[in-house]
Amino acid sequence: MSEIQDPNASQQLGLADASGLSNQRSQKPPDPVPTMHRGLPYILDDLGTETSRKQLQTARSVLKYVNDSRVPTLDKTTHIDFLIEPLEDGLSRGFTGLDASRPWLLYWCINALALLGVDVGGYNERVVSSLKPLQHKDGGFGGGNGQAPHMASAYAAILTLVVTSYYESRDLPKDRWMGVYARSFGWIDRQKLLDWIRKTKLRNGGFKVNEGGEEDVRASYCALVILALLGYDEDELRGDVSRDEKPLLDGLLDYFKRCQTWEGGIGAKQHSEAHGGYAFCVLSALCLLGEPQDVLTKYLDLDQFISWLSARQYAPEGGFSGRTNKLVDGCYSTWVGGCWSLVEAAANGIESSGTGFDIDSNVGSLWNRKALARYILACCQDPHGGLRDKPGMRPDYYHSNYVLLGLSAAQNYYYYDNAMSLPSSIENSPFKHGFCWKSSRNVPKPSTSEGIGGGWEEGLVSNERSRVGTQHPLFNIPLHAVAEIQEWWGVAKGAEIL
Ligand SMILES: [Zn+2]
């Protein structure tokens with residue numbers, strides 16, 4: 001971490017107002033506080049348990065923040081300072097225990113900075129030099145120097161490389177653009193990485209996080225993201241019969257299907273408890289392998305899933321919990337909010353670039369975006385910078401990234417475009433569906449009973465200074481970075497750079 005240099009990010013922000021959170025209030029006349037944020041729930045469980053007491057305690061403490069007619073503005077300046085500090089000054093001794101999470105720390109800070117509008121390209125060269133020693137001699141990436149490879153480490157490492165190379169190269173002429181991508185990805189041993197991922201494949205169709213490690217759907221999602229972003233094609237995934245290799249994706253879709261629980265949510269593996277994080281992994285993985293309205297209805301009971309997902313948003317808090325009987329937590333803004341983006345795309349159907357993005361939506365917006373934004377802005381901003389789980393908790397890099405990503409989900413509508421033109425490198429990719437996503441700041445309302453478009457949701461962003469960047473709904477990195485990395489693999493394969 002100490003290798004990271006200053007990319008002069010703060011100068012590129014154009015943020016004139018650097019005052020504190022308490023001064024960053026909307027200048028417009030405040031809107032009335034919606035009823036759901038004005039008091040405790042009408043129905044309270046009179047069977048007192050530790051769970052119900054904690055829930056009531058949390059609702060009371062959060063109420064003080066959300067029952068305010070003025071929603072705070074996102075204090076970008078202090079959050080940027082919080083996120084740049086570890087990249088510039090290194091981490092304190094207290095972080096020694098996170099030595100196996102080096103790629104994660106890079107990803108969380110850098111992606112969160114990108115969400116806040118910082119040009120993170122200046123970090124690219126040092127990210128490459130920080131991640132190179134993590135590549136294992138037998139393939140894959142460890143979390144720290146000399147450590148065994150792990151699927152989550154590899155996932156975070158690849159995401160960080162994709163984000164920083166995109167920013168570093170986006171204004172460059174073609175030859176220098178190629179130079180940035182060659183520097184960022186040319187040193188990765190793709191064959192050994194594929195061989196290593198193959199060793200984590202399970203007979204039941206899923207993956208485990210490493211050899212001898214645990215099985216969960218997070219491993220499968222991370223494996224698919226790595227394979228998709230590093231441009232592996234059908235032939236590579238099919239495997240070499242002479243080496244007794246089997247197709248890498250065999251049985252995976254049915255494996256995901258078995259992970260849906262009796263509650264309607266999705267667990268870490270079959271017979272596990274439904275959980276927002278695992279739900280996001282499965283929905284995103286499914287959408288990497290097919291069109292959302294096909295895969296989410298074929299491999300899930302979508303009605304049951306929506307029922308469980310709806311129960312994750314709480315009143316008066318406005319934020320999400322990750323599981324039944326658990327408290328609201330800012331990071332589920334991504335894990336649960338991200339599920340809503342994909343469910344809405346499936347329910348509203350395909351938008352085609354041939355006809356343009358219209359307002360012919362079936363169901364419109366299915367969750368309370370404004371309530372989540374209120375929870376995030378009022379409860380998750382630490383006055384000294386950084387974002388957090390809930391009031392009273394300390395901010396951290398993980399929550400900073402996933403709270404901001406959730407805010408992006410609340411501010412944008414994502415849709416699948418089956419007429420999107422894709423680079424030739426993707427045509428033979430089993431993950432091509434993952435590259436057909438677009439975003440809109442207009443969030444549709446449902447069509448009327450006569451089938452007439454219902455218009456757009458109004459007032460989703462209370463103050464333009466609270467707007468964050470647009471992210472890809474499956475990869476959780478800036479939307480346009482995903483198209484660029486595919487462009488690179490097309491060039492690299494055509495030029496036989498690989
Ligand atoms: Zn959390």
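From a predicted model like this one, the values you see are computed outputs, not experimental measurements. Sequence order sets the numbering: in each chain, residues are counted from 1 along the sequence as written. Since the coordinates come from a predicted model, pLDDT governs what is reported: local features require at least 70, and pairs of side-chain atoms require 80 or more to be given and counted, while whole-chain, interface and lining totals use all residues.

Asks: I would appreciate a short explanation of the overall build of the protein chain in the present structure.
Replies: For helices the rule is a DSSP run of H or I covering at least 4 residues; for strands it is a run of E covering at least 2, with both sets numbered from the N terminus onward. Per the secondary structure count, the protein chain includes 19 helices and 2 strands. Taking the principal axes of the C-alpha coordinates as reference, the protein chain spans close to 65 × 50 × 50 Å. Counting over 498 residues, the protein chain shows a buried share of 50%. By definition, residues are in contact whenever their C-beta atoms, placed on the basis of the backbone, come within 7 Å of each other. Taking the intrachain contacts of the protein chain between residues at least 6 apart in sequence as the baseline, contacts between residues at least 24 apart amount to 73%. Buried, partly exposed and exposed are defined by the number of other C-beta atoms within 10 Å of a residue's own C-beta, namely 20 or more, between the two limits, and 12 or fewer respectively, with C-beta atoms placed from the backbone.

Asks: Looking at this structure, how should I read the pairing of strand 1 (residues 413–416)?
Replies: In the case of a regular strand, side chains alternate between the two sheet surfaces. Residues of strand 1 alternate between two faces, with Tyr413 and Tyr415 on one and Tyr414 and Tyr416 on the opposite face, all of them buried. Bridge analysis of strand 1 against strand 2 (residues 437–440) gives 4 bridges, and the strand direction is antiparallel. In the strand pairing of strand 2, Tyr415 is matched with Lys438. Whether two strands pair depends on DSSP finding at least two bridges between them.

Asks: I keep staring at the environment of Glu317 and nothing clicks. Help me out?
Replies: Relative to the elements of secondary structure, Glu317 occurs in the loop between helix 13 (302–310) and helix 14 (332–335). On the neighbour-count criterion, Glu317 (28 C-beta atoms within 10 Å) is buried. Residues Glu317 and Trp104, spaced 213 residues apart in sequence, show a C-alpha to C-alpha distance of 29 Å. In this structure Glu317 touches Ala59, Val62, Val66, Val328 and Tyr375, once residues within four positions along its chain are discounted.

Asks: Before we go on, may I ask you to explain the environment of Ile306 in this structure?
Replies: By secondary structure assignment, the location of Ile306 is in helix 13. You can call Ile306 buried: it has 20 C-beta atoms within 10 Å. For the pair formed by Ile306 and Leu366, sequence separation is 60 residues and the distance between their alpha carbons is 9.1 Å.

Asks: Hey, could you run me through unusual backbone geometry in this one?
Replies: Of all residues except glycine, most have a negative phi; of all peptide bonds, most are trans. Pro316 follows Ala315 through a cis peptide bond whose omega is 10 degrees. Its place among the elements puts Pro316 in the loop between helix 13 and helix 14. Unlike most non-glycine residues, Asn325 shows phi in positive territory, near 65 degrees. With respect to the helices, strands and loops of the structure, Asn325 is situated in the loop between helix 13 and helix 14.

Asks: Sorry, what's going on with helix 5 (residues 151–169) here?
Replies: Residues spaced three or four apart along an α-helix point in a common direction, a consequence of the helix completing one turn every 3.6 residues. Between its first and last C-alpha atoms helix 5 spans 27 Å; for 19 residues at 1.5 Å apiece the expected length is 27 Å, and the two agree. Of all 19 residues making up helix 5, 19 are buried, and the element is well covered by its neighbours. One fewer than the residue count of a helix, multiplied by 1.5 Å, yields its expected span.

Asks: Please clarify how the packing of helix 5 against helix 6 (residues 174–185) should be interpreted in this entry.
Replies: Here the axes come from fitting lines to C-alpha atoms, over the contacting stretch only for helices, and the angles between their N-to-C directions go from 0 to 180 degrees. Where helix 5 meets helix 6, the closest approach of the two axes is 9 Å, and the angle between their N-to-C directions is 160 degrees. Overall, the two elements helix 5 and helix 6 adopt an arrangement that is roughly antiparallel. Note that helix 5 runs across helix 6; the crossing there is right-handed. Every residue of helix 6 that contacts helix 5 at Leu161, Ser165, Glu168 and Ser169 is listed here: Trp177, Val180, Tyr181, Ser184 and Phe185. Each angle receives one of four descriptions, namely roughly parallel if under 35 degrees, roughly antiparallel if over 145, roughly perpendicular if within 65 to 115, and oblique otherwise. Take the far helix as your reference; a near helix turned counterclockwise from it by less than a right angle gives a left-handed crossing, and one turned clockwise gives a right-handed crossing.

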